[in-house]
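Topology and contacts: notes
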Amino acid sequence: QLQASGGGLVQAGGSLRLPCAASAGTFSLYGMAWFHQAPGKEREFVASISSGGSTYYRDSVKGRFTISRDDDKNTVYLQMNNLKPEDTAEYYCAASFYGSCLSDDMDYWGKGTLVTVSS
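Residues numbered from 1 in each chain as written. Predicted model: local features only at pLDDT ≥ 70, side-chain atom pairs only at ≥ 80, totals over all residues. Heavy atoms only, no water.

**Here we look at the packing of aromatic side chains**
- Taken as a whole, this structure holds seven aromatic pairs when the rule is applied.
- Across from the ring centre of Trp 109, 4.4 Å away, lies the NZ or CZ of Arg 43, which sits over that ring.
- The ring centre of Phe 27 lies 4.8 Å from the NZ or CZ of Arg 69, which sits over that ring. (Phe/Tyr/Trp six-rings, centres within 6.5 Å; stacked < 30°, edge-to-face > 60°. Lys NZ or Arg CZ within 6 Å of the ring centre and 35° of its normal.)

Shown next, in the form of structure tokens:
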């Protein structure tokens, strides 16, 4: 079970940190990812981190967002800096045993947390 939190309203240029906590289990074996879904749009990949710590980002967030994980706390984080209005979306964390970045390949999903960036 995954539980994302940390969303809220922030002005453009601001920062938010989204934690996603997993229930106790084999968290360290899973690749973790963040997706977002803006109103009226499809869910999109944002960032991922493998069980070994390798990271991957969509182009629009490179240099602004950082994904990290703490396996001792069963938690993955998304640090979002220099936020833009177009980052406004529901953000979801997900887990993939095979470390996929494709939403269809995710094994577990958490409920979303809403991020709203005002201009």
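**With respect to the nonpolar core**
- Within the largest apolar cluster, 29 residues are counted, with the highest numbers of intra-cluster contacts made by Trp 34, Leu 78, Met 80 and Tyr 91.
- Elements with a minimum of two residues in this core: β1 (2-4), β3 (16-22), β4 (31-37), β5 (44-49), β7 (65-70), β8 (75-80), β9 (89-96) and β11 (113-118).
- Judged by nonpolar contacts, the second largest core, of five residues, contains Ala 33, Phe 45, Ala 94 and Met 106. (Core = buried A, V, L, I, M, F, W, Y, C linked by side-chain atoms within 4.5 Å. Buried < 20%, exposed > 50% of the residue type's maximum accessible area, 1.4 Å probe, protein only. Helix = DSSP H or I, 4+ residues; strand = E, 2+ residues; numbered from the N terminus.)

**Regarding the pattern of salt bridges**
- Taken as a whole and judged by the stated rule, the model has four salt bridges.
- Ionic pairing is found between Arg 64 and Asp 87, a salt bridge with its closest N-O pair at 2.8 Å. Taken together, the positions of Arg 64 in the loop between β6 (55-57) and β7 and Asp 87 in the loop between β8 and β9 put the pair 23 residues apart, joining distant regions of the chain.
- You can call Asp 87 buried: its relative accessible area is 3%.
- Among the ionic pairs, Arg 69 bridges to Asp 71, the shortest N-O distance being 2.9 Å.
- By relative accessible area, which is 17% here, Arg 69 ends up buried.
- Judged by its relative accessible area of 30%, Asp 71 is partly exposed. (Salt bridge = Lys/Arg side-chain N within 4 Å of Asp/Glu carboxyl O.)

**Some thoughts on the sheet that holds β1**
- Reading across from one edge, β1-β3-β8-β7 is the order of the four strands in this open sheet, with antiparallel pairing throughout. A single partner strand is all that each edge strand has here, and the edge strands are β1 and β7. Shown here is a sheet whose adjacent strand axes are inclined to one another by a mean of 15 degrees, direction ignored.
- Inspection of the sheet shows β1 paired to β3 by three bridges, in the antiparallel sense. Paired with Gln 3 across the two strands is Ala 21, which belongs to β3. (Pairing = 2+ DSSP bridges. Axes fitted to C-alpha atoms, helices over the stretch in contact; angles between N-to-C directions.)

**Side note on the state of the cysteines**
- Following the criterion strictly, the structure yields one disulfide and no others.
- Across a sulfur-sulfur distance of 1.9 Å, Cys 20 and Cys 93 are joined as a disulfide pair. Because the torsion about its S-S bond is 55 degrees, the bridge between Cys 20 and Cys 93 counts as right-handed. Here the residue Cys 20 occupies a position in strand β3, and Cys 93 occupies one in strand β9, the gap between them amounting to 73 residues. Judged on exposure class, the residue Cys 20 and its partner Cys 93 are both buried.
- Cys 101 takes part in no disulfide bond, and the closest cysteine sulfur to it belongs to Cys 93, at a distance of 15 Å. (Disulfide = S-S within 2.5 Å.)

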